[in-house]
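Spelled out from the first residue to the last, the chains are:
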Amino acid sequence: MPDVTVATTDGGPYRVSGDFLIADADGNEFAVEGEAYLCRCGQSDDKPFCDGSHNSANFDDECRAK
């Protein structure tokens, strides 16, 4: 089993579980232990993290493996 997993949520963020680092475009790193929810809708004021903005943005996406 992998140490880190990434899952999509219907109409919401990516859920990343495990202990990992997130690096932004400027090279700033954020250590995460446990889980983090990452924005998929592009509307979060706390990118790369989800702040729930997908709800008011009416973001609607179902992700299914094909």
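Residues numbered from 1 in each chain as written. Predicted model: local features only at pLDDT ≥ 70, side-chain atom pairs only at ≥ 80, totals over all residues. Heavy atoms only, no water.

Student: What should I look at first to understand the overall build of the chain in this one?
Tutor: Secondary structure assignment for the chain yields 1 helix and 3 strands. Principal-axis analysis of the C-alpha atoms gives the chain an extent of 30 × 30 × 20 Å. Considering only residue pairs separated by 6 or more positions, the chain has 25% of its internal contacts joining residues 24 or more positions apart. Side chains of the chain carry 5 positive and 14 negative charges; the gap between the two charge centres is 11 Å. (Helix = DSSP H or I, 4+ residues; strand = E, 2+ residues; numbered from the N terminus. Contact = heavy atoms within 4.5 Å. Lys, Arg positive; Asp, Glu negative; His and termini not counted. Charge placed at Lys NZ, Arg CZ, Asp CG, Glu CD.)

Student: Hey, could you run me through the side chain of Ser44 in this one?
Tutor: Relative to the assigned elements, Ser44 resides in the loop between strand S3 (29–38) and helix H1 (53–56). Of note is the side chain of Ser44, whose polar atom sits 3.5 Å from the backbone nitrogen of Asp51. If near-sequence neighbours (up to four positions away) are discounted, Ser44 is found in contact with Cys39, Phe49, Cys50, Asp51 and Ser53. (Polar contact = N/O pair within 3.5 Å; in protein donor to acceptor, adjacent residues only side chain to side chain.)

Student: Looking at this structure, how should I read a nonpolar patch on the surface?
Tutor: A surface patch of nonpolar side chains, amounting to about 250 Å² of accessible area, comprises Val4, Val6 and Tyr14. For Tyr14, the location among the structural elements is in strand S2 (residues 14–23). Relative accessible area serves as the criterion here: at 34%, Tyr14 is assigned to the partly exposed category. (Patch = residues over 30% accessible without salt bridge, like charges linked within 9 Å, V, L, I, M, F, W, Y side chains within 5 Å. Areas by Shrake-Rupley, 256 points an atom, 1.4 Å probe, with all protein chains shown as cover. Salt bridge = Lys/Arg side-chain N within 4 Å of Asp/Glu carboxyl O. Buried < 20%, exposed > 50% of the residue type's maximum accessible area, 1.4 Å probe, protein only.)

Function cannot be read off these values alone, since they describe shape.
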